[in-house]
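# Survey of secondary and tertiary structure
So you can see what is in the structure, the chains are spelled out below.
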Amino acid sequence: MRPDPDLLQRWVIEDGVPPAKVGPLIGLSRAAGYAWLRRYGITAAGPMLEQSRLVAQWRAGLVAAQLAAELGLHPDAVRERLVTASVLPPTRSYFLVGSPADPLPEHLLRDWYVREGFSVAQVAELTGTTARQVRYRLARYHLSPGRPGPASRARRSLTKAALTELYLAQGLTCSQIAERAQVSAGTVNELLVEYRIIRLPKASDPPRRKSTPRPEWRVPRRPDPAATR
């Protein structure tokens, strides 16, 4: 999968993002980020060239060498951008790591990969991403099958006092607390157990029946033959 040249240009040229940070922002290594900037001919000095304009001029009959001379780019960079324009899906395939639009948030990876045992390839298929993007975020969030506990960030935002207030005093559900704290409901459940906070019974729960003592069953004694003589 190829990163969107328009996105990379916007970061480097307009937003002033250092080239060293481009790779990590799209879930790749620093070296891979440098490589894509070089292949697309993107530098902080410009030029800023939208993909739609490049494709329109190419379809109008200009060859790559003519486009490169007119736009101030290397012909190889023009060809790379045209190839990307032909294979990029309409929806964006690269997302800012940790942003609200990121299809691989920490809590989802913690639930699917750590707790439920989905493989990297399965998580990638479920989220429409690549295995490389999944592995990058797993390393960034320090997640592995051997570390199933709640994240330290969750403990900082959901202390015992805070969770007691939300869960017992305010009566919020685990899902509501998870949405407020931006963690998973499973993480909230784990913290409730860890803090030994008594769970509130749900209104839909049937009333518990009191257990009645079972009658004691005794083996009848057999008559003594000597006593009947």
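Check the entry above for the structure.
## Quick notes on the overall build of the protein
- Helix and strand counts for the protein stand at 13 helices and 0 strands.
- Going from the N terminus to the C terminus, the protein shows its helices and strands as α-α-α-α-α-α-α-α-α-α-α-α-α.
- The buried share among the 229 residues of the protein stands at 36%.
- Here the analysis covers contacts within the protein between residues at least 6 apart in sequence; of these, 70% occur between residues at least 24 apart.
- Here the protein has roughly 14,800 Å² of accessible surface; of this, 55% comes from carbon and sulfur atoms.

## A word on unusual backbone geometry
- The omega angle of the peptide bond from G46 to P47 is 5°, so this bond is cis rather than trans.
- In this fold, P47 is placed in the loop between α3 (30-40) and α4 (51-59).
- One non-glycine residue, R196, lies in positive phi territory at about 60°.
- Looking at where R196 falls in the secondary structure, it is placed in the segment after α13 (185-195).

## With respect to the packing of helix α12 (residues 174-181) against α13
- Running from N to C, α12 and α13 point in directions that differ by 110°, and their axes come no closer than 8 Å. Considering their axes alone, α12 and α13 lie roughly perpendicular with respect to each other. Here α12 contributes C174, S175, I177 and A178 to the contact with α13, which in turn contributes A185, V188, N189 and L192.
- Classifying every residue of the contact of α12 with α13 gives 6 nonpolar, 2 polar and no charged.

## A few points about the packing of helix α11 (residues 160-169) against α12
- Running from N to C, α11 and α12 cross one another at 135°; their axes reach a closest spacing of 10 Å. By the criterion of interaxial angle, the relationship of α11 to α12 is oblique. Crossing handedness for the pair α11 and α12: right-handed. Residues L163, L166 and Y167 of α11 form the contact with α12, whose participating residues are C174, I177 and R180.
- Tallied by class, the residues present in the contact of α11 with α12 amount to 5 nonpolar, no polar and 1 charged.

## Topic: the pattern of salt bridges
- For the structure shown, the criterion picks out 5 salt bridges.
- R39 is the salt-bridge partner of E80, the closest N and O atoms lying 3.3 Å from each other. With E80 in helix α6 (residues 75-87) and R39 in helix α3, the pair connects residues that are 41 residues apart, well separated along the chain.
- On the basis of relative accessible area, R39 is assigned to the partly exposed category, the value being 34%.
- Here D76 and R79 are joined by a salt bridge, their closest N and O atoms 2.7 Å apart. Within this pair, D76 and its partner R79 are both found in helix α6, separated by 3 residues, close to a single helical turn.
- On the accessibility criterion, D76 (41% relative accessible area) is partly exposed.
- The exposure class assigned to R79 is partly exposed, which follows from its relative accessible area of 42%.
- A single network of salt bridges, built from pairs that share partners, joins R2, R39 and E80.

## Considering the packing of aromatic side chains
- What the rule picks out here adds up to 1 aromatic pair.
- Aromatic side chains W36 and Y40 sit 5.3 Å apart centroid to centroid with 40° between the ring planes, which places their arrangement in the tilted category. On the criterion of helical spacing, the pair formed by W36 and Y40 is a turn pair, its members being 4 residues apart in helix α3. In this pair, the class of W36 matches that of Y40, namely buried.
- Against the face of W36 rests R39, its NZ or CZ located 4.2 Å from the ring centre.

The rules behind the values
Residues numbered from 1 in each chain as written. Predicted model: local features only at pLDDT ≥ 70, side-chain atom pairs only at ≥ 80, totals over all residues. Heavy atoms only, no water. Helix = DSSP H or I, 4+ residues; strand = E, 2+ residues; numbered from the N terminus. Buried < 20%, exposed > 50% of the residue type's maximum accessible area, 1.4 Å probe, protein only. Contact = heavy atoms within 4.5 Å. Areas by Shrake-Rupley, 256 points an atom, 1.4 Å probe, with all protein chains shown as cover. Axes fitted to C-alpha atoms, helices over the stretch in contact; angles between N-to-C directions. Parallel < 35°, antiparallel > 145°, perpendicular 65-115°, else oblique. Nonpolar A, V, L, I, M, F, W, Y, C, P; charged D, E, K, R; others polar. Left-handed = near helix turned anticlockwise from the far one by under 90°. Salt bridge = Lys/Arg side-chain N within 4 Å of Asp/Glu carboxyl O. Phe/Tyr/Trp six-rings, centres within 6.5 Å; stacked < 30°, edge-to-face > 60°. Lys NZ or Arg CZ within 6 Å of the ring centre and 35° of its normal.

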